[in-house]
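Observations on chain architecture
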Amino acid sequence: MNFAIACDLEGIGGVVGSPGEGLHQTSRQYAFAAAQAVREINAAAGALFDNGADRVYVWDNHNGSLNLDYMELDKRVDIIAGVGEKHRWPGLEGRNISGVLLIGYHPMAETYAGVLSHTCSSTTYQYLKMNRRSMGEIEIDAISAARLLKAPVIFVASDDKGVAQAKEALPWAGSVVTKKALGRNLAILKHPSRVVDEIYSEVSGAVKNMDRMELYDIMDPVEVEMRFLRLEDAEKLNNSKTKGAELVDPYTVRFTARSFLELY
Ligand SMILES: [Zn+2]
């Protein structure tokens with residue numbers, strides 16, 4: 001059995017970020033988030049190996065990659081680092097992945113008072129819908145895993161709002177709530193060491209229930225609706241007339257993609 005762990009940072013235990021900014025190299029909590037992410041990944045990887053995994057890949061995918069201290073990762077893992085990929089889950093097609101895990105993931109853009117909620121870019125989108133359903137990065141990476149790897153999401157770690165969204169789309173997946181969101185930059189934090197312990201036991205449970213896991217996918221063609229934060233972004237996409245783009249309102253553009261893989 002081979003597994004892939006995708007790691008974002010906003011949903012990591014102990015992280016709330018700072019008002020008015022995302023989590024980037026100069027943010028106060030960036031170094032903590034990256035270090036705690038390593039601990040959470042190692043807990044998940046340890047649980048996978050203890051339950052029969054042959055290979056575990058770690059995809060360091062927050063904002064331009066290169067976030068984690070690779071020397072601190074469990075030395076049995078292989079690491080996917082860097083940018084420039086054509087699709088999500090780079091390098092993993094054809095590697096017989098049995099399941100994928102999402103660690104440090106966060107609620108979708110239009111989530112009220114979710115910790116650091118966004119979809120793909122916190123400075124670009126108010127929301128993203130596909131086939132009239134709201135999508136966040138949890139859903140996008142679940143569909144991408146189904147399409148590219150034929151692999152189900154078996155585990156998600158996020159704040160309580162991200163986990164609630166994951167449970168709606170992926171009710172079979174194991175999960176750990178890393179914090180209870182009270183606002184965009186406010187939460188009751190589960191102690192980061194307890195988050196690590198819970199990830200180990202939940203991932204162990206998920207691997208023992210692989211027969212329960214399902215693929216999450218949507219139908220092609222995909223009707224995409226993007227509501228932008230800035231008028232000029234909507235104007236630009238509408239003027240490009242790609243894929244028959246049409247303006248729904250001054251902030252919102254709708255178009256059809258023949259396949260999900262044209263998008264991600
Ligand atoms: Zn991120």
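Residues numbered from 1 in each chain as written. Predicted model: local features only at pLDDT ≥ 70, side-chain atom pairs only at ≥ 80, totals over all residues.

Overview of the nonpolar core
Our working rule: A set of buried Ala, Val, Leu, Ile, Met, Phe, Trp, Tyr and Cys residues, joined through C-beta atoms within 7 Å, is what we mean by a nonpolar core. Each residue is classed by its C-beta neighbour count within 10 Å, where at least 20 other C-beta atoms makes it buried, 12 or fewer makes it exposed, and intermediate counts make it partly exposed; the C-beta atoms are placed from backbone geometry. Counting from the N terminus, the helices are DSSP H or I runs at least four residues long and the strands are E runs at least two residues long. Segment limits for the domains were obtained from an automatic or database-derived domain assignment. Contacts are defined on C-beta atoms placed from the backbone: any two residues whose C-beta positions lie within 7 Å are in contact.
In terms of nonpolar packing, the biggest core is built from 77 residues, with Ile5, Ala44, Val100 and Val156 touching the most fellow members. The leading source of residues in this core is helix H1 (residues 30–50), at eleven residues. Built from parts of two domains, this core gets at least three residues from each of domain 1 (2–109 + 135–212) and domain 2 (222–262). With residues up to four places along the chain from it excluded, the contact list for Ala44 reads Ile5, Leu101, Ile103, Phe155, Ile199 and Val203.

Some words on the domain arrangement of the chain
Splitting the chain by domain gives domain 1 (2–109 + 135–212) and domain 2 (222–262). In this structure, domain 1 and domain 2 have C-alpha centres spaced 29 Å apart.

Observations regarding unusual backbone geometry
Each neighbour pair has its own omega, and for Asp220 with Pro221 the value is -10°, a cis peptide bond. Within the secondary structure, Pro221 is located in the loop between helix H4 (192–208) and strand S11 (222–228). At Asn63, a position not held by glycine, the phi torsion is positive, near 30°. Checked against the element boundaries, Asn63 lands in the loop between strand S2 (55–60) and strand S3 (78–80). What makes Asn63 partly exposed here is the crowd of 16 C-beta atoms within 10 Å. A positive phi angle is found at Arg132, which is not glycine, with a value near 70°. Along the chain, Arg132 turns up in the loop between strand S5 (125–130) and strand S6 (133–134).

Things to note about H4
The cut-off we apply is this: Here, expected helix span is obtained from the residue count minus one, scaled by 1.5 Å.
Counted at 1.5 Å a residue, the expected span for H4 with its 17 residues is 24 Å, and the 25 Å between its end C-alpha atoms agrees. As for H4, its buried residues are in contact with H1, strand S4 (97–103), strand S7 (153–158) and strand S8 (174–177).

Things to note about the sheet that holds S5
Inclusion rule: For two strands to count as paired, DSSP must find a minimum of two bridges between them. Interaxial angles span 0 to 180 degrees and are taken between N-to-C directions of axes, which are lines fitted to C-alpha atoms, for helices over the stretch in contact.
With respect to topology, five strands assemble into an open sheet ordered S6-S5-S11-S13-S12, the strand pairing being antiparallel. Strands at the two margins of the open sheet, each flanked by one partner only, are S6 and strand S12 (246–249). The pairing of S5 with S11 spans five bridges and is antiparallel. In the sheet register, Tyr127 faces S11, and the bridge partner there is Arg227. In the packing of helix H5 (residues 231–240) onto the sheet, contacts are made with S11, S12 and strand S13 (252–257), and the angle to S13 comes to roughly 35°.

Description of the packing of helix H2 (residues 137–149) against helix H3 (residues 160–169)
Worth spelling out the cut-off: A clockwise turn of the near helix away from the far one marks a right-handed crossing, whereas an anticlockwise turn of less than a right angle marks a left-handed crossing.
Where H2 contacts H3, the two axes come as close as 9 Å, and the packing angle between them is 35°. When the axes of H2 and H3 are compared, the crossing they make is right-handed. Residues Ile138, Glu139 and Ala142 of H2 touch H3, and the partners they reach there are Gly162, Gln165, Ala166 and Ala169.

Quick look at the environment of Leu247
By the element assignment, Leu247 lies in strand S12. For the pair formed by Leu247 and Leu170, sequence separation is 77 residues and the distance between their alpha carbons is 32 Å. When near neighbours in sequence (up to four residues on either side) are disregarded, Leu247 contacts Ala234, Asn238 and Val253.

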